[in-house]
Amino acid sequence: MSLSRTLIDVRPLRTSPVFRRLLIGRTVSLLGGFMTMVTVMYQVWEMTHSAAWSGAVGLVQALPLVCFGLFAGAWADRGDRRRIFLTATVGQAVCSLLLAVQGFTGNVPVGGVLALVAAQAACAAVGGPAAGVFVPRLLPKEQVASGLALYQVTGQAMMFVGPALGGLLLGWFGIGVCYLLDALSFLLSFYGAFGLPALPPEGEPSRAGLRGVLDGLRFLAGHRVVRGALVTDLAATVLSMPVSLFPLINDERFGGDPRTLGLFLSAVAIGGVLASALSGAVTHLGRPGLVMLFGAGVWGAALASFGVMSNPWIGLGLLVVAGGADALSVLSRTTIVQTRTPDALLGRVTAAEQIVGQAGPHLGNMRAGLVAGATSGAAALVVGGVLCVVAVVYVGTSTPELREGSHSA
């Protein structure tokens, strides 16, 4: 296979100026979001010096998505997705601006900070399902996977750069400036989406309220391929999410060196960036289900192997492999969701996918901590990785449609 077909496919950037603007705005906004994530964690810790309050940051970010996501998806399937996304973007920018104000004044209690974070997460829960239709509506079907790969490689890069840049800016300028930069980043996100055409649902609009949500859930329950994709993602995250175990593994096997702990997280991110950058072969293959199953299985196997590895360099290599496999699995899952779901249901299905993506890692970290408390960090990793592989094999054998190359809805 030629190098051009191995490297990430950039045709969407050349052929669609609208997609190009959207990608630039999304990338800058993600950079601001990761900077804010670090800033919030730092501010809450400085205000409370409490691990419980620090843990509450993740909770207030996840709860709005879980509580409002499916209803937001039903709303997105009833109206103009462009307008809904722009409204949600303005709401996120206002929340960041208010965070900046309190950061400069320092007169808001920790509960007020968390309330603003929750409000911003609620706006993101509304905008996410609307944004889920952009790529399949803007690009030809044969370029959808390539567009999603560009989304992923820029997202992985910002996840790698954003926290580090946020830490530097915190040290130089303080929390108010970091929040303000995040608020300004939404201007580019707004600009990128402002040039989109109106994007009402194609087909019958969603029914209002709970009935529309139930229609979306019935589709998920009845569509074996989409359901299998989401179940595979849950298996990978709930059964083998490793992040909460890294400090314990580092202490058990590598002497508790903080530099090693930092490399664990970096290795996973580097694997994701490399795999996304070399995703051309995967997106040209046209078999996202097979790639997703393979990636999820490699993720579990690599983490199980990391659990028994005493050599830190080989361990880091396994984490790079795990991060790359996870990136390809996520890319393929998103491709399946966006090419197999009818447009009229895509907002609700995207909302369900986002809930799985948010809730799965949180549940996985909790599961890992409970198992490690009863056994050890290494045992929790090995057991979780093996269970992940078993679950992926079960999904693959029981859902043969996932192994096929067709993208029909």
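Quantities reported herein were computed from a predicted structural model and do not represent experimental measurements.

Engineer: Can you break down the overall build of the protein chain residue by residue, with the values?
Structural biologist: Scanning the protein chain from terminus to terminus reveals 18 helices and zero strands. Radius of gyration (C-alpha) of the protein chain: 21 Å, near the 22 Å computed for a compact globule of 409 residues. Projected onto the principal axes, the alpha-carbon positions of the protein chain cover approximately 60 × 55 × 45 Å. Expressed as a percentage of the 409 residues in the protein chain, the buried residues total 52%. Look at the contacts in the protein chain between residues 6 or more apart in sequence, and 86% of them connect residues 24 or more apart. Approximately 17100 Å² of the protein chain is accessible, and the part contributed by carbon and sulfur atoms is 71%. Here the protein chain holds 25 positive side-chain charges and 18 negative ones, and the gap between their average locations is 6 Å.

Engineer: Could you give me a rundown of the side chain of Asp-233, with the residues and numbers involved?
Structural biologist: With respect to the helices and strands, the residue Asp-233 is situated in helix H11 (residues 224–240). Taking the relative accessible area as the measure of exposure, Asp-233 reaches 10% and is therefore buried. Setting aside its immediate chain neighbours within four residues, Asp-233 contacts Arg-333, Val-356 and Gly-357.

Engineer: Pulling in residues and values, what's your account of the pattern of salt bridges?
Structural biologist: Summed over all chains, the structure comprises ten salt bridges. Of the charged contacts, one joins Arg-81 and Asp-77 as a salt bridge, the two residues approaching to 2.8 Å between their closest N and O atoms. No difference in accessibility class separates Arg-81 from Asp-77, as the two residues are buried. In the salt-bridge network here, residues are joined through shared partners; they are Asp-77, Arg-81, Arg-137, Glu-202, Asp-343 and Arg-348.

Reading guide: rules and limits
Residues numbered from 1 in each chain as written. Predicted model: local features only at pLDDT ≥ 70, side-chain atom pairs only at ≥ 80, totals over all residues. Heavy atoms only, no water. Helix = DSSP H or I, 4+ residues; strand = E, 2+ residues; numbered from the N terminus. Rg over C-alpha atoms; globule rule 2.2 N^0.38 Å. Buried < 20%, exposed > 50% of the residue type's maximum accessible area, 1.4 Å probe, protein only. Contact = heavy atoms within 4.5 Å. Areas by Shrake-Rupley, 256 points an atom, 1.4 Å probe, with all protein chains shown as cover. Lys, Arg positive; Asp, Glu negative; His and termini not counted. Charge placed at Lys NZ, Arg CZ, Asp CG, Glu CD. Salt bridge = Lys/Arg side-chain N within 4 Å of Asp/Glu carboxyl O.

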